[in-house]
Amino acid sequence: MGASQPAGDVDPSTLLPPAEPVHLLDPDGTYHEDPDHPVDLDDDQLRMLYRHMVVTRKVDREAINLQRQGQLGVYASLLGQEAAQVGGAFALSEEDWVFPSYREMGAAVTRGVDTGKMLHLFRGTWLSDHDPYEHHFALYSIPIGTQALHAAGFAMGAKFDDNPIVTMAYFGDGATSEGDPHEAMTFAGVFKAPVVFFVQNNQWAISVPLDQQTAAPTLAHKAVGYGMPGHHCDGNDVLATYAVTRKAVDRARSGAGPALIEALTYRMEAHTTSDDPSRYRTRQEEEEAAKTDPIVRYKLFLEKEGLLDADLGEQVEAEAAAEATRMRDEIYEAPHGDPMELFEHVYVDDTGHFERQREVLATELAARDGEVSA
Amino acid sequence: MTVTLAQAINRGIHDAMEADDRVLMFGEDVGKLGGVFRVTDTLQETFGTDRVYDTPLAESGIIGTAIGLAMYGFRPVAEMQFDGFAYPAFEQFTSHLAKMRNRSRGRVKLPVTVRIPFGGGIGAVEHHSESPETYWAHTAGLKVVSPGTVADGYAMTRAAIAADDPVIVLEPKRRYWMKDDLELPVTTEPLHKAVVRRPGTDVTVVAYGPMLKTAMEAADAAEEEGWSLEVVDLRSLSPIDTDTLVASLQRTGRMVVVHEAAQSLGPAAEIAARMQQEAFYHLEAPILRATGYDTPYPPAMLEEFWLPDVDRILDRVEEALDY
């Protein structure tokens, strides 16, 4: 008596994250089998994880270079988060959808999105230039955590349609303080929407560390409040990330509802190319974090398993270099489009919004052309 | 048949849902209860809980999931329960609903309709009588309309739901119980076209939504003074039908713009700017405004002093005529 009526019929203890983050690979590449988190990948797929991570790191570095060369206005590096992004996205099927924040080049690479097209936002030629419907990869979302609601709504739509797809919303530790991820997880829980909320806890929201972001025991514990399971994994362990995400994705696809995953990782680079981390964290901390490099660990694992030799390693490096070059070619000195395009995409049916303003810009452009030719 | 504005809108949603099974209706209390104003009454019974559903009490969630549903391929109709409660969704409105098509270079369209009961005059408690139309109309990528007649309640609802762009329909809540004939099928002007509701020769009075009825009453009262008012129902705030306004101003030479929303930087300011630019030599007087004051919406017992009424409109009309 006196107790409030529970909203669901779920025992909250079954939703709790494990006492320790799921971890399958030691830093020296030793693999520990975990019957709760099987890795159901064949040799080619295991190599593909490596390929995606190496390509991601290469294009990420190249994007930083492009910014330094004045080709991009800004860029948000994911250095150190390759395993979290690639492992998570690799657990999705082709029909599934990804709703990224602005730091998801690794997820884009895994989905097969043209990396060069992802950079138009940062160059400022346009606000995006890939087709979201081609690889089921939504636009980068800069306002923090807002894409979580789009992922939830999309998943609700799929559920209404009995379409067995899953959506995945990527966001960061900082975003868990925002209202939109909270509302997204509330909706997803109520509607049992097939959506996986994937938090890359990279420890830093620009300069604010996690302990100033939340007093929650872990971010994964927040899941219990929404009636969904909370998963916690070593985000620098690509196999753990994959296996945990796979479990959540399979469960969502089966109709059992959403899940929250917290992947522990570290943002080894600055927040963006405009940021200076030396003002808020120590070199020593960064050096410590670098010892948990996700690619080093996975490469040791593949070598131990006999899945990667020097030749293949070189082949992957060459492929990554080629992709970085291709990306550079797409974006290097890419011009902006026709300024009149500013009016083209605002509405499907422009019912007279721009009649007069179009004329103004056209006149200004004609005057400029006159000046150029004079 | 004679119906209320609320019933006409209800019928509009019903017919849109019947015509297209991708149309969904959702919001707070819109299901079993039928909405706090009963605008969605019986829709859940008719179309089921998968197409007409109550959401958690979270406005950003309502608009954000509407965006996801539209990306998926549905045609969501979302309700904000009251004007003043749409603000938690402001970021989803302005950063995503309005911009997604432009950001995606035309690749993603969001055929979302958002219905918002707006405006005052019902003696409501704080936050239930706001006129936030400028926020939405000032945001590129949104279309904003407001029906002022029973027939438009039906027709504009249908047109908004049929549109491939996000449309905000501001429903004049004080007029929900206003009755008129509704003969289906309704044919009205296109969604974004202003309409002359009453021809006149001396002064053009421009109004929309809740103030249309007030403007029509002012025109009746003006007759006793010997003034002939032309009443233009603006209907759409984004875009604004400049041509219809200019044509009317060319006939009368004088214009008073009416809205409940606060005066400064309100719709009337934009209309005045356009009129002086497009019809300067037709002006016999400055464009005048009969609007709410630049204060927060007042407590219920003071709203009659705050809201524009027939007297305030006629005062401005007289000023214009005396100029």
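A.B. asks: Which parts of the structure should I look at to understand unusual backbone geometry?
C.D. replies: What is expected of a backbone is that most residues other than glycine have negative phi and most peptide bonds are trans. Between Leu-184 of chain B and the following residue, Pro-185 of chain B, the backbone shows a cis peptide bond with an omega angle of -5°. Take Pro-185 of chain B: it is sitting in the loop between strand 8 (179-181) and strand 9 (195-198). In this model, Ser-238 of chain B is joined to Pro-239 of chain B through a cis peptide bond whose omega is 0°. Among the secondary structure elements, Pro-239 of chain B is positioned in the loop between strand 12 (236-238) and helix 9 (242-252). Even without being glycine, Lys-192 of chain A reaches a positive phi, approximately 50°. Tracing the backbone through its elements, the reader meets Lys-192 of chain A in the loop between helix 8 (179-191) and strand 3 (195-201).

A.B. asks: When you look at the interface of chain B and chain A in this model, what are you seeing that I'm missing?
C.D. replies: Bring the parts together and some accessible area is lost; that lost area is often taken as the interface size. On the chain A side, the residues contacting the 47 residues of chain B number 46 residues. Summing the contributions of chain B and of chain A, the shared interface buries around 3,900 Å²; its carbon and sulfur component is 57%. Among the residues of chain B in contact with chain A, Tyr-72, Arg-103 and Arg-105 of chain B are the three that bury the most area, contributing 20% of the side total. Applying the counting criterion to the chain B and chain A interface returns six salt bridges. The salt bridge partner of Asp-161 of chain A is Arg-22 of chain B, with a shortest N-O separation of 2.9 Å.

A.B. asks: Would you mind going over the pattern of salt bridges with me for this structure?
C.D. replies: A side chain with one charge may pair with a side chain of the opposite charge, provided their charged atoms come close. Applying the stated criterion across every chain, the model contains 46 salt bridges over all chains. The partner of Arg-57 of chain A in a salt bridge is Asp-293 of chain A, and the shortest N-O contact between them spans 2.7 Å. Residue Arg-57 of chain A is found in helix 1 (residues 43-68), and its partner Asp-293 of chain A is found in the loop between helix 10 (283-290) and helix 11 (294-304); the two are separated by 236 residues along the sequence. Residue classification places Asp-293 of chain A among the buried residues on the basis of a relative accessible area of 9%. Each of Asp-129 and Glu-341 of chain A together with Arg-105 and Arg-107 of chain B takes part in a single network of salt bridges with overlapping partners.

A.B. asks: For this particular structure, what's the right way to read the domain arrangement of chain B?
C.D. replies: Residue and element names in this part refer to chain B. According to the domain assignment, chain B consists of domain 1 (2-181) and domain 2 (195-322). The interface is formed by 28 residues belonging to domain 1 together with 23 residues belonging to domain 2. Carbon and sulfur atoms supply 53% of the area that domain 1 and domain 2 bury against each other, a total of about 1,800 Å² over both sides. The largest contributions to the domain 1 side of the interface with domain 2 come from Glu-133, Arg-174 and Arg-175, which together make up 23% of the buried area. Our enumeration of links across domain 1 and domain 2 arrives at three salt bridges. Linking Arg-235 and Asp-152 is a salt bridge whose minimum nitrogen-to-oxygen distance equals 2.7 Å. For the pair domain 1 and domain 2, the interface holds 14 residue pairs in polar contact (both at pLDDT 80 or more).

A.B. asks: Got a minute to help me understand the pairing of strand 11 (residues 229-233) of chain B in this structure?
C.D. replies: Each regular strand carries side chains that alternate between the two faces of the sheet. All names here are of chain B. Buried residues dominate strand 11, accounting for five of its five residues. Direction of pairing for strand 10 (residues 203-207) relative to strand 11: parallel, over a ladder of five bridges. Paired with Val-205 across the two strands is Val-231, which belongs to strand 11.

Procedures and definitions
- Residues numbered from 1 in each chain as written.
- Chains lettered and ligands numbered in written order.
- Predicted model: local features only at pLDDT ≥ 70, side-chain atom pairs only at ≥ 80, totals over all residues.
- Heavy atoms only, no water.
- Helix = DSSP H or I, 4+ residues; strand = E, 2+ residues; numbered from the N terminus.
- Contact = heavy atoms within 4.5 Å.
- Buried area = accessible area lost by both parts, 1.4 Å probe.
- Salt bridge = Lys/Arg side-chain N within 4 Å of Asp/Glu carboxyl O.
- Buried < 20%, exposed > 50% of the residue type's maximum accessible area, 1.4 Å probe, protein only.
- Domains from an automatic or database assignment.
- Polar contact = N/O pair within 3.5 Å; in protein donor to acceptor, adjacent residues only side chain to side chain.
- Pairing = 2+ DSSP bridges.

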